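For reference, the chains in residue letters:
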Amino acid sequence: MLQMVSRSATTAESRAAGGAAVSIHNLCKRYNNFEAVVPTSVEIASGDFFAIIGPSGSGKSTLLGMIAGYIDPSAGRIVVDGRDIVPEPIYRRNIGMVFQNYALFPHLSVAQNVAYPLKIRGVAKDEIAKRVRESLAMVRLEAFASRMPSELSGGQQQRIALARASIYQPSILLMDEPLGALDKNLRDEMQEEIKRFQQELGATVIYVTHDQQEAAFLADRIAIMRDGAMTQIGSPRSLYEQPKSRFVAEFLGEASIFPIKTASARQADQTCRITLEGGTEAVIRTGEDGGPGRFACIRPERITIGPKARGLANSFTGVVRESLYTPGSIRYRVELKDAGCLLKVRALPQHNTEVFETGSSVDIGWSVDDMTILAE
Amino acid sequence: MKQRSFLLYLPVALLLTPFFLAPMAVIGTESFSGQHGIGAEYVKVVTDQGIRTVLYNTFYVAAMVTILSLLIGYPIAYVLARLRGRWATIGIFLIFLPFWASTVIRSFAWMILLGRKGPVNSILLGIGLIEDPIRFIDNGLGLMIAMTYIMVPFIVVPILNGLRAIDPNLPRAAAVLGANPWRQFLAVTLPLSMPNVAVGCTIVFVTSLGFFVTPSLLGGDLTVVSMLISEQANRLLDWPLASALAIIVLLLTIVIFALLRLSQLASRRRGKARSGVFA
Amino acid sequence: MSVSEKRLWAAWSRFLTGLVGAILIGFLVPILVVVAVSFQSKSYLSFPPNDFSLRWYQQFIGNDDYRSAILNSMMIGASAAALATVAGISTALAVVRAGAPGSAIVSALSIAPAVLPQIVLAIGLFPISVWLGLQGTLWAVILAHAVIGLPFPFITVCGALTSYSNRIEIASMTLGANAFQTFRLITFPMIRPAVIAGFIFAFAASLDELVLALFLSSPSTRTLPLLLWEQLNFQVTPEIAAAASVILAVTSLLILAATLLPRLDKDN
């Protein structure tokens, strides 16, 4: 399939095939006194799937708008394959974009929607017809060519938007919350579809979403935005396992986070002993210095609950304050004895897993590698 | 893009500058250029008994037409708002059908209907309600009837829009709380439609102030301000006085719409925001 | 609420609906009366007409004044509506889409001609029309009518543009279309019903307008309402009723076409 598509790409557009490297230098956007995006620099490699996540108002859509060209940056450069595209109007940037509500043209049929970018580029009629067929085949909607967009379901409209944004082989594909309007089951299905599609197309994708699971599923790298700045960039795993701030740790997945009162000097094996507020002491292995003003963070699935916790480097007894069985996991809130710390715990239920009732006393613990230190 | 957006103003600027703004400037300067000294025309407008009568008549007719249009238009809008589908379309079509006939023709129709020997008098005489034909044309009654007929669609549309925008759950909530249909209407529907009633009344009142055709044909001895302006300009060639009168009408129009806007802003600030026509 | 009380309210509701229905049908009576008196043979208006004749229609058809007035009204109406529509579309685009500065003032000015009494504009426009050498030409009335027609396409197109997100146009531009191509292929097809409605309203406003025509036209550029008005002031004969009936029939057909055409368009 991929072969077929790239063969049909004409010379004028073939330079775009394969995905461009994007490097953003000190890009920023100010509205009067409000900085929607502070000067931001980031490198996105050719063919990368790069997701930008953050709460609403964090500046992620503004950033995408500047790359697409419908928001003028206050300063900075966007270099695509060595060329600064900021001075270029939207329609010369050769960027594909998929919008949140698809932005399909309601007065054009599915085939006409997909053909639109080729028609604008003056591609010959029979060539357009051929490529529209191929493109619709790629999103498996050949049978819907003559329908109007309003006659399609949300997921189908989404796939048409994908086909339309990619038929001219843009080097960069921008997606702004493309699955935001779909219900949960369809969203999971479309994630698979988008992933497969990007792999076949080979384009560089910049993907904006507020859904951290979606980003983790799709992206090679994720940038987390807050107040107009990218607070941390990394692979889904590194962001989850080594968050640098409370914000990142809490935004991406669940975590129990405690302020650190005191910390011993680091030992030769990179471990140190920290005291949490409430007096709980723990030994952790860390690359970061712990101390007042910093935080200790532990993910709920890293905590062992039950008799197995007794032999661990950090071992405590606690009382189950809340116990909830949810599909796929058992969630607890456990209060450590004499400390008052409340820990979120997630256990994977297996056929013989004991479920602890609220109010029962349990052993709880974690190894030196399970807790991380957050700088802020 | 931003810089070129000014180019989109070009057609409207070419149209309105010479043919709308310049005329306003012309009547402004003309109104002060009379032989009797600066401002003399305005003094005359205020002091001249004849002109004062004309202005009074104009306001009286406009006010009566507004009240009559509201009394007829509100029930129409209320019923149309509750209709759905085909009947609603038919209702709106019916109310707009006469709207497409020109004002001259509609005024002419009322000349026939309300004439001394016209059908209305014939019917009233026939059923014995009156003994002598009513002289509709002479006493301003015919004028108000014809103008109301012409203005009703203008008040139905904004009120209909307002009524349709009311959340149907609100009267239901009142009903659950024990209000009978009449109390539901008084407590919920009527107050919520008031901003649009204000819009409709303003449109009818201002339009009525400027009416020319219908008063000329059906007014009898009654003169309204548009007729006076036309007469001063055309027949008596007193352009300064005509201009001063026009300026007064223009200012009145602006003041009335400014008052409407202020009341809309005030009610919006009170959190009773409804979609206004001039939002 | 007891059952009888419920029945009472239902009856009241039916009564109100019936009353409004009667009023709406009553609204047609004046129009029908005009048509009815046009078919009589007497030379003064009498109602109910007690005979039938096409005499006044024959006279109307043979009347060159009507022919030229209808022609003038059509030319003025079409030209004025076209000018108003072009200005209205472009202003609506500037105000709703381009975020051009001063949009509040421009909007107010573009709506103002709809509420300003026409006599005010007429006496201001007369000296300007003389000064520009337009007085007595069709252009004087066309331009004046373009001004009073402007609010209609402006309001309808603003409504159409605000009814959908500008994302549609941004999408078109990301797909490679420049501003002009985007307007031609995307924006215009989407606002077309509003453009047509605005044009028809502007045309109707011109066809109905009397005061500006009274001040700005000459006998050779006399419009239809002006001719009717002059005739009414001169002598009321059933010929006016015949003329009015023909005009009513033609406008009804136009309105019918305007409401049916978009539907046929959709079916194709």
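Residues numbered from 1 in each chain as written. Chains lettered and ligands numbered in written order. Predicted model: local features only at pLDDT ≥ 70, side-chain atom pairs only at ≥ 80, totals over all residues. Heavy atoms only, no water.

Describing the overall build of chain A
Now for step 1: Helix and strand counts for chain A come out as 10 helices and 20 strands.
Now for step 2: Taken along the three principal axes of its C-alpha coordinates, chain A extends 75 × 50 × 40 Å.
Now for step 3: Here chain A holds 376 residues, and the buried ones make up 52% of them.
Now for step 4: If you sum the accessible surface of chain A, you get close to 16,800 Å²; carbon and sulfur atoms cover 48% of it.
Now for step 5: Between the centroid of the 43 positive side chains of chain A and the centroid of its 43 negative side chains there is a distance of 3 Å. (Helix = DSSP H or I, 4+ residues; strand = E, 2+ residues; numbered from the N terminus. Buried < 20%, exposed > 50% of the residue type's maximum accessible area, 1.4 Å probe, protein only. Areas by Shrake-Rupley, 256 points an atom, 1.4 Å probe, with all protein chains shown as cover. Lys, Arg positive; Asp, Glu negative; His and termini not counted. Charge placed at Lys NZ, Arg CZ, Asp CG, Glu CD.)

Side note on the UniProt feature "transmembrane region" (unreviewed entry) in chain B
Now for step 1: As annotated by UniProt and renumbered to match this structure, "transmembrane region" (unreviewed entry) occupies residues 58-80, 92-113, 141-163, 197-219 and 239-260 of chain B.
Now for step 2: What you have in residues 239-260 of chain B is 100% helix and 0% strand, and the ends, taken at the C-alpha atoms, are 31 Å apart. (UniProt positions renumbered as here; feature names shortened; annotations may be inferred.)

What about the pattern of salt bridges?
Residue and element names in this part refer to chain A.
Now for step 1: Taken as a whole and judged by the stated rule, the model has 27 salt bridges over all chains.
Now for step 2: Here arginine 302 makes a salt bridge to aspartate 370, at a shortest N to O gap of 2.8 Å. With a gap of 68 residues between them, arginine 302 in the loop between strand E14 (295-298) and strand E15 (304-305) and aspartate 370 in the loop between strand E19 (361-366) and strand E20 (371-374) connect regions that are remote in the sequence.
Now for step 3: Each of Arg140, Arg159, Glu193, Arg196 and Glu200 takes part in salt bridges that share partners, so that together they form one network. (Salt bridge = Lys/Arg side-chain N within 4 Å of Asp/Glu carboxyl O.)

Details of empty space enclosed by the protein
All names here are of chain B.
Now for step 1: In total, this model carries 5 cavities of 30 Å³ or more according to the counting rule given.
Now for step 2: Estimated volume of the second largest cavity: approximately 50 Å³.
Now for step 3: As for the second largest cavity, its lining consists of Leu55, Thr58, Phe59, Leu209, Val225, Val249 and Leu252.
Now for step 4: Sorting the residues of the lining of the second largest cavity by element identifies helix H3 (49-82) and helix H12 (239-269) as the ones contributing at least two each.
Now for step 5: Taken together, the residues that form the lining of the second largest cavity break down as 6 nonpolar, 1 polar and no charged. (1 Å grid on protein atoms, 1.4 Å probe; cavity = no way out; pocket = protein on both sides within 12 Å on 5 of 7 lines; lining within 4 Å. Points joined across faces, edges and corners; volume = space filled by probe spheres on them. Nonpolar A, V, L, I, M, F, W, Y, C, P; charged D, E, K, R; others polar.)

Some thoughts on the sheet that holds strand E1 (residues 22-31) of chain A
Residue and element names in this part refer to chain A.
Now for step 1: Spatial ordering of the open sheet is given by E2-E1-E4-E5, a layout of 4 strands whose pairing is antiparallel. One side of each edge strand has no neighbouring strand; the edge strands of this open sheet are strand E2 (34-44) and strand E5 (83-84).
Now for step 2: Here 5 bridges tie E1 to strand E4 (residues 75-80), and the two strands are oriented antiparallel to one another. By the bridge assignment, histidine 25 is partnered in E4 with arginine 77.
Now for step 3: Its contacts with the sheet place helix H3 (residues 60-68) against E1, E2 and E4, and it is angled at close to 115 degrees to E1. (Pairing = 2+ DSSP bridges. Contact = heavy atoms within 4.5 Å. Axes fitted to C-alpha atoms, helices over the stretch in contact; angles between N-to-C directions.)

Some remarks on the interface of chain C and chain A
Now for step 1: Taken together, the contact pairs 18 residues of chain C with 22 residues of chain A.
Now for step 2: Of the roughly 1,800 Å² buried where chain C meets chain A, counting both sides, 73% is carbon and sulfur surface.
Now for step 3: It is Arg167, Thr174 and Leu175 of chain C that lose the most area in chain C upon contact with chain A, and together they represent 39% of the buried surface on that side.
Now for step 4: Put simply, chain C and chain A have 1 salt bridge between them.
Now for step 5: With a closest N to O distance of 4.0 Å, arginine 167 of chain C and aspartate 176 of chain A form a salt bridge.
Now for step 6: Linking chain C with chain A are 4 residue pairs in polar contact (both at pLDDT 80 or more).
Now for step 7: Counting residues per element, the ones that place at least two in the side of chain C that touches chain A are helix H9 (167-174) and helix H10 (179-208) of chain C. (Buried area = accessible area lost by both parts, 1.4 Å probe. Polar contact = N/O pair within 3.5 Å; in protein donor to acceptor, adjacent residues only side chain to side chain.)

Description of the pairing of strand E18 (residues 342-347) of chain A
Residue and element names in this part refer to chain A.
Now for step 1: Residues Leu343, Val345 and Ala347 point to one face of E18 and are all buried, whereas Leu342, Lys344 and Arg346, pointing to the other face, are not buried.
Now for step 2: With 6 bridges joining them, strand E17 (residues 329-336) and E18 adopt antiparallel strand pairing. Note that in E18 the partner of glutamate 335 across the bridge is leucine 342.
Now for step 3: Once E17 ends, the chain turns through 5 residues before running back antiparallel as E18, passing aspartate 338 with a positive phi of about 65 degrees.

A short note on the sheet that holds E19 of chain A
Residue and element names in this part refer to chain A.
Now for step 1: With respect to topology, 5 strands assemble into an open sheet ordered E15-E19-E16-E17-E18, the strand pairing being antiparallel. Two strands bound the open sheet, and with one partner strand each, they are E15 and E18.
Now for step 2: Strand direction decides the pairing type here: strand E16 (residues 314-326) and E17, joined by 8 bridges, are antiparallel. Across the sheet, tyrosine 325 pairs through a bridge with isoleucine 330, a residue of E17.

Topic: the interface of chain C and chain B
Now for step 1: Opposite the 74 residues of chain C that make contact, chain B presents 72 residues.
Now for step 2: Both sides together, the interface formed by chain C and chain B hides about 6,400 Å², and carbon and sulfur atoms give 86% of it.
Now for step 3: For the chain C face of the interface with chain B, the top three residues by lost area are Leu24, Phe27 and Ile123 of chain C, together amounting to 10%.
Now for step 4: Counting every contact that joins chain C to chain B gives 0 salt bridges.
Now for step 5: The tally of links from chain C across to chain B stands at 5 residue pairs in polar contact (both at pLDDT 80 or more).
Now for step 6: Top contributing element to the side of chain C that touches chain B by residue count: helix H6 (residues 118-131) of chain C, with 9 residues.
Now for step 7: Residues belonging to the side of chain C that touches chain B are distributed by class as follows: 62 nonpolar, 11 polar and 1 charged.

Some details on unusual backbone geometry
Residues and elements named next belong to chain A.
Now for step 1: The residue asparagine 32 is not glycine, and still its phi comes out positive at about 50 degrees.
Now for step 2: Of note, asparagine 32 is situated in the loop between E1 and E2.
Now for step 3: In this model, aspartate 81 sits at a positive phi of 50 degrees, which is unusual for a non-glycine residue.

Details of the domain arrangement of chain A
Many authors give the size of an interface as the accessible area that is lost as the parts come together.
Now for step 1: Segmenting chain A into domains produces domain 1 (2-241) and domain 2 (256-374).
Now for step 2: A C-alpha centroid distance of 41 Å is found between domain 1 of chain A and domain 2 of chain A. (Domains from an automatic or database assignment.)

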